[in-house]
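A closer look at the structure
So you can see what is in the structure, the chains are spelled out below.
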Amino acid sequence: MELRSRNLKTTPSLSLGRFHISEDYGFLLPNPLKELPDHYWPWMEIVNKLPHLIESHQLRAQVNKMPLLNCQFLRNYREQRLAHLVLSFITMGYVWQEGETQPKEVLPRNLALPFVEVSRNLGLPPILVHSDLVLTNWTTKNPERPLDIRNLDTIVSLPGGESLRGFVLVTVLVEKAAVPGMKALIEAVNAILQPSQDSLLQALQQLRLSIQDITRTLGQMHDYVDPDIFYAVIRIFLSGWKDNPAMPVGLIYEGVSTEPLKYSGGSAAQSTVLHAFDEFLGIRHSKESADFLLRMRDYMPPSHKAFIEEIQSAPSLRDHILSSGNGQLLKAYNQCVEALAELRSYHITVVTKYLITAAAKAKSRRSSQLPEPPQALEERGTGGTAVLSFLKSVRNKTLEAILPQSS
């Protein structure tokens, strides 16, 4: 095994397929399964009614009656990914059914044991992660039609109705918009290895267009996600039990560990896309931000994490451009960095609307149809970071990567 991985390092060309990344769908799981084998019907029966069971405060009672099922009848990778999606959604509902003031601090063994087992098989943590919420949680209504939001649906859901659906599916489309950027990144790395300046220039231009398309796609959040519902209803179910004052000691997984375990909640930082762009463009973040981003890689499918590490170990693009003395390459590189900084600035705008402004509105509302919003993560993202200072830091560090034009 050791020999094989050493040989991979000397392979002259990089490809997406080596890391189980789709040429058509990127990091999205292509055509995810919607049903598990019949043995797992007790899980599916609960998850198919999840929003209703949570809203009617019946989920915990239903889970407590659930049989303990073994994961040995999951026949392949795709079934394991669906099982992780299903068990992660049931877990979030179970913990947060009564809101942040009464979280369940013990996950019962009939849920904890299979969830930890399937998590170990996949190399993922036993909590809802980006690869569940987004990468494995989409389906087309008509496979013949293009991938747009009207032709997409989620596979499993949580409270939040159309806004939850919109939040997941816009993020699916963001991942899809990144596919040409991933292909361009591969072409660029291979162009440096060849070396071919023309191919590299073309790849950098394509990368910039893809980053700009990601920013445009992210703008659809405003059309499909109500900020008040996101803040007061959805956010709690994406929250974890690490760096969360509502669950300071973590969660006990019964039958797995007598000590509470701590895992971060869902975060956009668990998407492989920006990690790959940062490594390729040579963006260097502050220690605090870099530590958090590095930790988030443990919340990705291992093959996606390995892809980032492969980009990291590839020859430096910045060094190549500086030593080439090629003004066109330098300009194209800077345009990529500027586009990435613009994407991060736009992300700050979106987070301000859905978190900061929504929090202020929630405080000023005397009475409302919406539940009391969670206080514990008021200024923090669901991943547990002080979200605005983190996002501004990564944006500013991106801008610092711009190379000076030679006179």
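Up top is the structure these notes are about.
Residues numbered from 1 in each chain as written. Predicted model: local features only at pLDDT ≥ 70, side-chain atom pairs only at ≥ 80, totals over all residues. Heavy atoms only, no water.

**Describing the packing of aromatic side chains**
Applying the stated criterion to the full structure yields eight aromatic pairs. On the basis of an interplanar angle of 35° and a centroid distance of 4.7 Å, the ring pair of Y40 and W43 is categorised as tilted. Given the relative accessible area of 0%, Y40 is considered buried. Measuring from centroid to centroid gives 6.0 Å for Y253 and Y263, while their planes differ by 90°, and the two rings are edge-to-face. Of this pair, Y253 sits in strand β4 (residues 252–253) while Y263 sits in the loop between β4 and α13 (272–281), and the two are 10 residues apart along the sequence. Taken individually, Y253 and Y263 each receive the classification buried, so the pair is uniform in this respect. Feature note: the residues F19, F27 and F307 constitute an aromatic cluster, connected by ring pairs. (Phe/Tyr/Trp six-rings, centres within 6.5 Å; stacked < 30°, edge-to-face > 60°. Buried < 20%, exposed > 50% of the residue type's maximum accessible area, 1.4 Å probe, protein only. Helix = DSSP H or I, 4+ residues; strand = E, 2+ residues; numbered from the N terminus.)

**Thoughts on the side chain of T171**
Within the secondary structure, T171 sits in helix α8 (residues 161–177). Only 2.6 Å separates the side chain of T171 from the backbone oxygen of F167, close enough to count as a polar contact. In this structure, T171 is in contact with H130, V134 and M221, ignoring residues within four places of it in sequence. (Polar contact = N/O pair within 3.5 Å; in protein donor to acceptor, adjacent residues only side chain to side chain. Contact = heavy atoms within 4.5 Å.)

**As for unusual backbone geometry**
Of note, the bond from Q194 into P195 is cis; its omega dihedral lies within 30 degrees of zero at -15°. One can find P195 in the loop between α9 (179–193) and α10 (197–218). Look at H20: it is not a glycine, yet its phi comes out positive at around 55°. Tracing the sequence through the fold places H20 in the loop between α1 (2–10) and α2 (41–47). The phi dihedral of N31 is positive, around 40°, even though this residue is not glycine. With respect to the helices and strands, the residue N31 is situated in the loop between α1 and α2. Residue classification places N31 among the partly exposed positions, given a relative accessible area of 46%.

**Thoughts on the packing of α9 against α13**
Following both chains from N to C, one finds α9 and α13 inclined at 25°, their axes separated by 11 Å at the closest point. By the angle between their directions, the pair α9 and α13 is classed as roughly parallel. Here α9 runs over α13; the crossing is left-handed. Note on element contacts: α13 touches α9 through V273, A276, F277 and F280, opposite G181, M182, L185, A188 and V189. Taken together, the residues of the contact of α9 with α13 sort by class into eight nonpolar, one polar and no charged. (Axes fitted to C-alpha atoms, helices over the stretch in contact; angles between N-to-C directions. Parallel < 35°, antiparallel > 145°, perpendicular 65-115°, else oblique. Left-handed = near helix turned anticlockwise from the far one by under 90°. Nonpolar A, V, L, I, M, F, W, Y, C, P; charged D, E, K, R; others polar.)

**Here we look at the nonpolar core**
The nonpolar side chains of a soluble globular protein tend to be buried with one another. Grouped together as the largest cluster of nonpolar side chains are 133 residues, with contacts concentrated most on W43, W241, F280, L281 and F307. In terms of residues, this core owes the most to one element, helix α17 (residues 327–364), which gives 17 residues. If near-sequence neighbours (up to four positions away) are discounted, F280 is found in contact with L185, A188, V189, L204, L207, I311 and L317. (Core = buried A, V, L, I, M, F, W, Y, C linked by side-chain atoms within 4.5 Å.)

**Side note on α9**
An ideal rise of 1.5 Å per residue puts 21 Å on 15 residues; α9 measures up with 22 Å between its terminal C-alpha atoms. On its buried face, α9 is in contact with α8, α10, α13, α15 (302–313) and α16 (317–324). (Expected span 1.5 Å × (residues − 1).)

**Brief notes about the environment of A269**
With respect to the secondary-structure elements, A269 resides in the loop between β4 and α13. Judged by relative accessible area, which is 11%, A269 ranks as buried. Non-local contacts of A269, meaning those with residues more than four positions away in its chain, are made with H275, F292, L293, M296 and M300.

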